[in-house]
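Results of the structural survey
So the chains spell out like this:
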Amino acid sequence: MKIKFIIWIFAFFLFVIPSVYSMGLTTPFFGDNIHIYEGEKRVITFMLQNMVGGKDINAKVEMLEGADIAKLTDNLKVYRIPYGRNDIPINVEINIPQGAKGEYQVAFMVKTLSSPEVQQVQLSTGLEKRFKVVVDGPRPPEDTAQAQQLPVPQPELEEPAKLKKEDKQTILLA
């Protein structure tokens, strides 16, 4: 009985391992709170990364909560995250109206999209990021520090180079 259980666990991991994605999301702040003043506009940039697995990943980002004060500024339906990159930005613009008080919850989700060239069952993963925006009241006159107000532009992504027939023969010979 114990042997069958071990075999089933091993078989499960054999089938699950190919579906593991290596997508990650880095945040520019520690903790779960962002402090901001009334009437302030700030862009917060999160970075997507794909450092393991050897395959490019396509992802979709959607706002879950806080659409009254936050929005995605990238205007992308699909984020392409090439293998080996850790610098694909997701720009979230926070815009606090004058007279706003208290805390706001902001949440977005990054979902991987299944690859159309693979003809087998695929599992998609999702990363959810939640944080609180705490309104600290009006900006004091002596505080002149400026936060990031412009989104980080999307990097230029190069298409992978195709190997010529001669290159393939040289690699095979080596």
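Overview of the structure.

Analysis parameters
- Residues numbered from 1 in each chain as written.
- Predicted model: local features only at pLDDT ≥ 70, side-chain atom pairs only at ≥ 80, totals over all residues.
- Heavy atoms only, no water.
- Helix = DSSP H or I, 4+ residues; strand = E, 2+ residues; numbered from the N terminus.
- Buried < 20%, exposed > 50% of the residue type's maximum accessible area, 1.4 Å probe, protein only.
- Contact = heavy atoms within 4.5 Å.
- Polar contact = N/O pair within 3.5 Å; in protein donor to acceptor, adjacent residues only side chain to side chain.
- Core = buried A, V, L, I, M, F, W, Y, C linked by side-chain atoms within 4.5 Å.
- Pairing = 2+ DSSP bridges.
- Axes fitted to C-alpha atoms, helices over the stretch in contact; angles between N-to-C directions.
- Lys, Arg positive; Asp, Glu negative; His and termini not counted.
- Salt bridge = Lys/Arg side-chain N within 4 Å of Asp/Glu carboxyl O.
- Phe/Tyr/Trp six-rings, centres within 6.5 Å; stacked < 30°, edge-to-face > 60°.

1. Concerning the overall build of the protein chain
What the protein chain contains, in helices and strands, is two helices and nine strands. Moving toward the C terminus, one meets the helices and strands of the protein chain in the order α-β-β-β-β-β-β-β-β-β-α. Going through the 174 residues of the protein chain one by one, you find that 28% of them count as buried. In the protein chain, the proportion of contacts linking residues at least 24 apart, taken out of those at least 6 apart, comes to 74%.

2. Focus: the side chain of Thr-112
Structurally, the position occupied by Thr-112 is in strand β8 (residues 103-112). Within polar-contact distance, the side chain of Thr-112 engages the backbone nitrogen of Thr-125 at 2.8 Å.

3. Quick word on the nonpolar core
In terms of nonpolar packing, the biggest core is built from 27 residues, with Ile-90, Ile-94, Ile-96, Phe-131 and Val-133 touching the most fellow members. Among the elements of the structure, β2 (33-36), β3 (41-50), β4 (57-65), β6 (79-81), β7 (85-95), β8 and β9 (126-135) are those that each provide at least two residues to this core. Apart from residues lying up to four places away in sequence, Ile-90 is in contact with Leu-25, Ile-44, Thr-45, Phe-46, Leu-48, Val-61, Leu-72, Asp-74, Tyr-79, Phe-108 and Val-110.

4. Topic: the sheet that holds β4
Ordered by their spatial adjacency, five strands build an open sheet running β2-β9-β8-β4-β6, and the pairing between neighbours is mixed. Strands at the two margins of the open sheet, each flanked by one partner only, are β2 and β6. Strand-to-strand twist across the sheet, computed as the mean angle between neighbouring axes with direction ignored, equals 30°. Across four bridges, β2 lies against β9 in parallel orientation. The residue of β9 that forms the bridge with Ile-36 is Val-135.

5. A look at unusual backbone geometry
Even without being a glycine, Asn-75 presents a positive backbone phi close to 55°. Structurally, Asn-75 is set in the loop between β5 (70-72) and β6. Since its relative accessible area comes to 73%, Asn-75 is described here as exposed.

6. Topic: the side chain of Asp-74
Among the secondary structure elements, Asp-74 is positioned in the loop between β5 and β6. No salt bridge forms around the buried Asp-74; measuring N to O, its nearest opposite-charge neighbour Lys-71 is 11 Å away. Polar side-chain contacts of Asp-74 include one of 2.7 Å to the side chain of Asn-91. Once residues lying within four places of it in the same chain are set aside, the contact partners of Asp-74 are Tyr-79, Pro-89, Ile-90, Asn-91, Val-152 and Gln-154.

7. Focus: the pairing of β3
Most of β3 sits inside the fold, with seven of its ten residues counted as buried. Two strands pair when backbone bridges link them, and strand β1 (residues 23-26) and β3 are joined in this way by four bridges, in the antiparallel orientation. When the sheet's bridge partners are listed, Leu-25 is paired in β3 with Leu-48. Bridge count for β3 against β7 is nine bridges, and the pairing is antiparallel. Bridge pairing links Val-43 to Glu-93 in β7.

8. Things to note about the packing of aromatic side chains
Scanning the model with the defined rule gives two aromatic pairs in all. Here the aromatic rings of Phe-46 and Phe-108 are separated by 5.0 Å at their centres, their planes lie at 65°, and the arrangement is edge-to-face. Here the residue Phe-46 occupies a position in strand β3, and Phe-108 occupies one in strand β8, the gap between them amounting to 62 residues. Of the residues examined, Phe-46 reaches a relative accessible area of 0% and is grouped as buried.

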